Amino acid sequence: MSNPNYDAAPPATTTTTAPASGSGRKISTILGLILAALLVIALIVFVVQNTEQVHIEFFGLNLDMAQGVALLLAAVVGFLIALLSSGILRLRRKVRDRHR
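Here is what the cut-offs are and how they apply
Residues numbered from 1 in each chain as written. Predicted model: local features only at pLDDT ≥ 70, side-chain atom pairs only at ≥ 80, totals over all residues. Heavy atoms only, no water. Helix = DSSP H or I, 4+ residues; strand = E, 2+ residues; numbered from the N terminus. Buried < 20%, exposed > 50% of the residue type's maximum accessible area, 1.4 Å probe, protein only. Contact = heavy atoms within 4.5 Å. Areas by Shrake-Rupley, 256 points an atom, 1.4 Å probe, with all protein chains shown as cover. UniProt positions renumbered as here; feature names shortened; annotations may be inferred.

- Per an unreviewed UniProt entry, the chain is named LapA family protein, and its organism is Williamsia marianensis.

A word on the overall build of the chain
Phase 1: Each helix and strand in the chain was counted, giving two helices and two strands.
Phase 2: For the chain, buried positions account for 4% of its 100 residues.
Phase 3: Intrachain contacts of the chain at a sequence separation of at least 6 include 10% that bridge at least 24 residues.
Phase 4: Total accessible area on the chain stands at roughly 9,400 Å², and carbon and sulfur atoms take up 67% of it.

A short note on the UniProt feature "transmembrane region" (unreviewed entry) in the chain
Phase 1: The UniProt feature table records "transmembrane region" (unreviewed entry) at residues 30–49 and 69–91.
Phase 2: A distance of 29 Å separates the end C-alpha atoms of residues 30–49, which is 100% helix and 0% strand.
Phase 3: Annotated as residues 69–91, this span is 100% helix and 0% strand, and its ends, taken at the C-alpha atoms, are 33 Å apart.

This is the structure:
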């Protein structure tokens with residue numbers, strides 16, 4: 001027996017949620033800035049505490065600089081090399097995947 005006023009499926013209901021507030025984004029931005037500021041302070045302390053002069057010879061360059069600056073420069077160069085090589089590997093993978 002069927003009832004014409006009875007629907008087999010309940011009516012579809014739509015629920016709306018309020019858009020995500022920007023407070024989460026603001027908090028992560030503030031935390032990122034605080035972390036960056038702490039890193040800069042730590043690097044300044046590192047350079048100031050390692051002021052002993054060192055002599056560096058590299059591909060014909062003869063440099064005399066503070067030990068902290070030399071180590072920081074070496075770390076920056078290493079970071080740039082890693083960034084460049086990871087970018088090249090990512091690009092090669094993308095090209096390889098397109099050719100498949």
